[in-house]
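# Structural characterization, general
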Amino acid sequence: AAGLCPCRVLFACRGGALRALCGSVRGLAAAPEMHFGFQTVTEAERREKIYKVFESVAKKYDVMNDSMTLGIHRVWKDILVHKMNPSPGTLLLDVAGGTGDIAFRFINYVRSVRERQLQRKLKHHQNLSWQEISESYQEDKSKSLGDSQVVVCDINKEMLKVGKQKAEYLGYSEGLSWVLGNAEELPFDDDKFDVYTIAFGIRNVTRIDLALQEAYRVLKPGGRFLCLEFSHVSNPLLSRLYDLYSFQVIPVLGEVIAGDWKSYQYLVESIRRFPPQEEFKAMIEDAGFFKVDYQNLNSGIVAIHSGFKL
């Protein structure tokens, strides 16, 4: 450096500062700003904050769902499973399904289908003896799901813990497994599942585009994507009433029932940040799905989005 003239030294110093500044800019570009409700945060901050939200609300999650929706969320989930119409042998992946609501409904639905199949089978064999009927019934009854399975995948340990406790209490064990995993990087092979569901979870993933790509990857050709999510209300009057209820009542319920105002304030804000139906439909198509459509429920308070991997 001693051999440089003063102007060259100055240029070198300025060049170093410029390189440092460029490095800082590149660092900022590598951490794009995202939304956490109405706050602006980095991707890493959003991921951490959402994890803490669901860690906080896990134990009161089901009670709060009933309180916030007056129990209507149960009907929405029933409609989702009926739209799926799973048959015995279906392999389902339920993502962000920690408390088991979709999984339990899936098991009940398949069991019901199997029971009807068994009854039809026995009716067509009127010449069977009582012993043959009894043996056939017991054999089929022991396989009440007909090789169907549901894998519940959730990123949050506390949500999975609550789901497992519910399953044990309600007596669900056959055809049910629990996996800790990230929707944006699923721990499963390609072309594995017949159906992928995510109910009230996709708006909480950090990168929705990556989650949709992963859904496409793990589905078999011919497999179906189904998403139940809060959406945008089409009726102006209902929209105003819904906003009033969401921002003035739900956080209060969160404080009274779960002792957690902030988490439910975020959940309300996250709904408003979620893309409208047509925009989300386009995102699903961009991930590679075909025959994409959606069904509004309760004037668009929620919507069921559907697509196929062809």
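In case you missed it, the structure is sitting above this.
Everything numeric here is computed off the predicted structure, so don't read it as measured data.

## So, the overall build of the chain
Per the secondary structure count, the chain includes 12 helices and nine strands. Residues counted as buried form 44% of the 310 residues belonging to the chain.

## Re the packing of aromatic side chains
Aromatic ring pairs are described here by two measures, namely the spacing of the ring centres and the angle between the planes. Across all of its chains, the model carries nine aromatic pairs by this definition. With a centroid separation of 5.2 Å and an interplanar angle of 80°, the aromatic rings of Y216 and F289 are classed as edge-to-face. With Y216 in helix α8 (residues 208–218) and F289 in the loop between α12 (277–286) and β8 (290–297), this residue pair connects regions lying 73 residues apart in the sequence. Note on Y216: relative accessible area 22%, which makes it partly exposed.

## So, the pairing of strand β7 (residues 219–230)
Buried residues dominate β7, accounting for nine of its 12 residues. As paired strands, strand β6 (residues 193–199) and β7 are joined by six bridges and run parallel to one another. Counted as the bridge partner of T197 is L226 from β7. Handedness of the crossover joining β6 and β7 through α8 is recorded here as right-handed. Relative to strand β9 (residues 302–308), β7 is paired through seven bridges, and the arrangement is antiparallel. Bridge pairing links F230 to V302 in β9.

## Side note on unusual backbone geometry
Despite not being glycine, A96 has its phi angle at roughly 60°, a positive value. Inspection of the secondary structure puts A96 in the loop between β3 (91–95) and α5 (101–123).

## Concerning the packing of helix α3 (residues 61–69) against helix α4 (residues 72–84)
Contact pair α3 / α4: the axes reach a minimum separation of 7 Å and the direction vectors enclose 100°. Compared by their axis directions, α3 and α4 come out roughly perpendicular. On the side of α3, the interface is formed by N65, D66 and T69, while α4 contributes I72, H73, R74, W76 and K77. Its residues assigned to classes, the contact of α3 with α4 shows two nonpolar, three polar and three charged.

## Considering the sheet that holds strand β4 (residues 149–154)
Judged by pairing direction, the sheet is mixed, and its seven strands sit side by side in the order β5-β4-β3-β6-β7-β9-β8 without closing on themselves. Each edge of the open sheet is held by one strand with a lone partner, namely β5 (176–180) and β8. Across the sheet, the mean angle from the axis of one strand to that of its neighbour is 15°, orientation sign disregarded. Along the sheet, helix α7 (residues 157–170) contacts β4 and β5; its crossing angle with β5, the most-contacted strand, is approximately 165°. Along the sheet, α12 contacts β7, β8 and β9; its crossing angle with β8, the most-contacted strand, is approximately 155°.

## Re the nonpolar core
W76, V150, L176, L228, F230 and V302 are the most contacted members of the largest nonpolar core, which has 33 residues in total. Those elements that provide at least two residues to this core are α4, α5, β4, α7, β6, β7 and β9. With eight residues, α5 is the largest single contributor of residues to this core.

## Quick look at the pattern of salt bridges
Counted according to the given criterion, the structure contains 12 salt bridges. D194 serves as the salt-bridge partner of K220, at 3.3 Å between the closest nitrogen and oxygen. Here the residue K220 occupies a position in strand β7, and D194 occupies one in strand β6, the gap between them amounting to 26 residues. For D194, a relative accessible area of 24% puts it in the partly exposed group. Linking R272 and D243 is a salt bridge whose minimum nitrogen-to-oxygen distance equals 2.8 Å. Pair noted here: R272 is in helix α11 (residues 261–273) and D243 is in helix α9 (residues 236–248), with a separation of 29 residues, a long-range link. For R272, a relative accessible area of 21% gives the class partly exposed. The network of salt bridges with common partners includes D62, K77, D101 and K166.

Conventions we followed
Residues numbered from 1 in each chain as written. Predicted model: local features only at pLDDT ≥ 70, side-chain atom pairs only at ≥ 80, totals over all residues. Heavy atoms only, no water. Helix = DSSP H or I, 4+ residues; strand = E, 2+ residues; numbered from the N terminus. Buried < 20%, exposed > 50% of the residue type's maximum accessible area, 1.4 Å probe, protein only. Phe/Tyr/Trp six-rings, centres within 6.5 Å; stacked < 30°, edge-to-face > 60°. Pairing = 2+ DSSP bridges. Right-handed = clockwise from strand over helix to strand, strands pointing away. Axes fitted to C-alpha atoms, helices over the stretch in contact; angles between N-to-C directions. Parallel < 35°, antiparallel > 145°, perpendicular 65-115°, else oblique. Contact = heavy atoms within 4.5 Å. Nonpolar A, V, L, I, M, F, W, Y, C, P; charged D, E, K, R; others polar. Core = buried A, V, L, I, M, F, W, Y, C linked by side-chain atoms within 4.5 Å. Salt bridge = Lys/Arg side-chain N within 4 Å of Asp/Glu carboxyl O.

Geometric values such as these leave the question of function open.
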